[in-house]
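Descriptive analysis of the structure
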Amino acid sequence: MASPRPTTTLWRPTGPKELDLVRELEWRAWPPRLPEQPVFYPVLNEDYAVKIARDWNVKHDGAGIVTRFEVDTDFLSRYPVRQAGGETILELWVPAEELDEFNAHIDGEIQVVHEFR
């Protein structure tokens, strides 16, 4: 019997509108990007996701939510880790046109782990 494929934990800071769309997708996928959003960027550090949700999403959306989800590690190797600031501010940049394929490699459900209002 083959063992399950290894996964990598990712976090996504989001607002209530995007979270509603995730809920409509039964917690299994991220919604398509808007035309002004050419990149989907999950982050590799929970603390960084909390900072964005708390300090940015709350101000702009009235609430900030941090989600956690697992993605097939081998698939993620196509996306280089990008350092967006300090050494723990790490992101993946997934082109919007690849989001359906990215979603197909999510293992399990997207979970809400923190909420800020």
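Structural data are supplied above this passage.
Below or above, wherever it landed, is the structure these notes cover.

Quick notes on the overall build of the protein
- Scanning the protein for helices and strands turns up four helices and seven strands.
- Overall, the protein shows an N-to-C arrangement of helices and strands of β-α-β-α-β-α-β-β-β-α-β.
- Structurally, the protein occupies a C-alpha span of about 50 × 35 × 30 Å along its principal axes.
- Split into buried and exposed, the 117 residues of the protein put 36% on the buried side.
- Long-range pairs, those at least 24 residues apart, make up 79% of the contacts in the protein between residues at least 6 apart in sequence.
- In the structure as shown, the protein presents an accessible area of about 7000 Å², 51% of it carried by carbon and sulfur atoms.
- Of the charged side chains in the protein, 13 are positive and 21 negative, and the gap between their average positions amounts to 4 Å.

Section: the sheet that holds strand S7 (residues 106-116)
- Ordered in space as S1-S3-S7, the three strands form an open sheet in which the pairing is antiparallel. Each edge of the open sheet is held by one strand with a lone partner, namely strand S1 (7-14) and S7. The mean inter-strand angle of the sheet, taken between neighbouring strand axes irrespective of direction, is 20°.
- Running over the sheet, helix H1 (residues 16-24) touches S1, strand S3 (64-72) and S7 and is turned about 135° from S1.

As for the layout of surface pockets
- Roughly 600 Å³ of volume is contained in the largest pocket.
- Taken together, 20 residues make up the lining of the largest pocket; nearest its centre are Arg-12, Glu-18, Arg-33, Gln-37 and Asp-61.
- Counting only elements with at least two residues in the lining of the largest pocket, the list comes to S1, H1 and helix H2 (46-61).
- Of the residues contributing to the lining of the largest pocket, the split by class is ten nonpolar, four polar and six charged.

Overview of H1
- Those residues of H1 lying buried are Glu-18, Leu-19 and Val-22. Angular distribution of buried residues about the axis of H1 spans 100°; they occupy a single face of the element. Seen from the buried face of H1, the exposed residues on the opposite side, beyond 90 degrees, are Lys-17 and Glu-24.
- Positioned one or two residues after H1, Glu-26 has a phi angle of 60°, which is positive.

Considerations on the pattern of salt bridges
- Overall, the coordinates contain ten salt bridges when judged by the stated rule.
- For Glu-18, the salt bridge identified is with Arg-12, shortest N-O distance 3.2 Å.
- Taking relative accessible area as the criterion, Glu-18 reaches 13% and is therefore assigned buried.
- Overall, the relative accessible area of 7% leaves Arg-12 in the buried class.
- Among the charged side chains, a salt-bridge network with shared partners connects Arg-5, Asp-72 and Asp-74.

Rules used throughout
- Residues numbered from 1 in each chain as written.
- Predicted model: local features only at pLDDT ≥ 70, side-chain atom pairs only at ≥ 80, totals over all residues.
- Heavy atoms only, no water.
- Helix = DSSP H or I, 4+ residues; strand = E, 2+ residues; numbered from the N terminus.
- Buried < 20%, exposed > 50% of the residue type's maximum accessible area, 1.4 Å probe, protein only.
- Contact = heavy atoms within 4.5 Å.
- Areas by Shrake-Rupley, 256 points an atom, 1.4 Å probe, with all protein chains shown as cover.
- Lys, Arg positive; Asp, Glu negative; His and termini not counted.
- Charge placed at Lys NZ, Arg CZ, Asp CG, Glu CD.
- Pairing = 2+ DSSP bridges.
- Axes fitted to C-alpha atoms, helices over the stretch in contact; angles between N-to-C directions.
- 1 Å grid on protein atoms, 1.4 Å probe; cavity = no way out; pocket = protein on both sides within 12 Å on 5 of 7 lines; lining within 4 Å.
- Points joined across faces, edges and corners; volume = space filled by probe spheres on them.
- Nonpolar A, V, L, I, M, F, W, Y, C, P; charged D, E, K, R; others polar.
- Arc of directions from axis to C-beta.
- Salt bridge = Lys/Arg side-chain N within 4 Å of Asp/Glu carboxyl O.

These results come straight from atomic positions and should not be treated as a statement about function.
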